[in-house]
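The residues making up each chain are set out below.
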Amino acid sequence: KKEIKVLRDEVINLIKSSEQREGIDKEEIILTIKSTEPQIISQEIQRLLDEGIIYEPRPGRVRYLG
């Protein structure tokens, strides 16, 4: 549970910090966070999308919604 919270914060921070570049590719998030398996990162990205915290302006790219 705690690792997921840390991962979630890390993913959100990456997305927030990429706002001036109009978002970040999911692949880039997965490549940046080396401490966690890609599958788990993908699941967390999907969860954030489902919760409406981030959105996907175009396929494979995500931005922060708040």
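Residues numbered from 1 in each chain as written. Predicted model: local features only at pLDDT ≥ 70, side-chain atom pairs only at ≥ 80, totals over all residues. Heavy atoms only, no water.

**Q** So what about the sheet that holds strand β1 (residues 24–25)? Which residues, and what values?
**A** As summarised here, the arrangement of the three strands in space is β1-β3-β2, forming an open sheet in which the pairing is antiparallel. The outermost strands of the open sheet, each flanked by one partner alone, are β1 and β2 (54–58). Pairing geometry for β1 and strand β3 (residues 61–64), over two bridges, is antiparallel. If you follow D25 over to β3, its bridge partner there is R61. Across the sheet, helix α1 (residues 2–17) is in contact with β1, β2 and β3; its angle to β3 comes to roughly 90 degrees. With respect to the sheet, helix α3 (residues 38–51) is in contact with β2 and β3, its orientation differing from that of β2 by roughly 95 degrees. (Pairing = 2+ DSSP bridges. Helix = DSSP H or I, 4+ residues; strand = E, 2+ residues; numbered from the N terminus. Contact = heavy atoms within 4.5 Å. Axes fitted to C-alpha atoms, helices over the stretch in contact; angles between N-to-C directions.)

**Q** How would you sum up the pattern of salt bridges? Please name residues and give values.
**A** Scanning the model with the defined rule gives eight salt bridges in all. Between D25 and R61 there is a salt bridge; the shortest N-O distance is 2.9 Å. You can see D25 sitting in strand β1 and its partner R61 sitting in strand β3, a full 36 residues away along the chain. For K26, the salt bridge goes to E56, with nearest N and O atoms at 3.1 Å. Taken as a pair, K26 in helix α2 (residues 26–32) and E56 in strand β2 lie far apart in primary sequence, 30 residues in all. Among the ionic contacts, a cluster of salt bridges with common partners joins R8, E44, R47 and E51. (Salt bridge = Lys/Arg side-chain N within 4 Å of Asp/Glu carboxyl O.)

That's the geometry; what it means functionally is another story.
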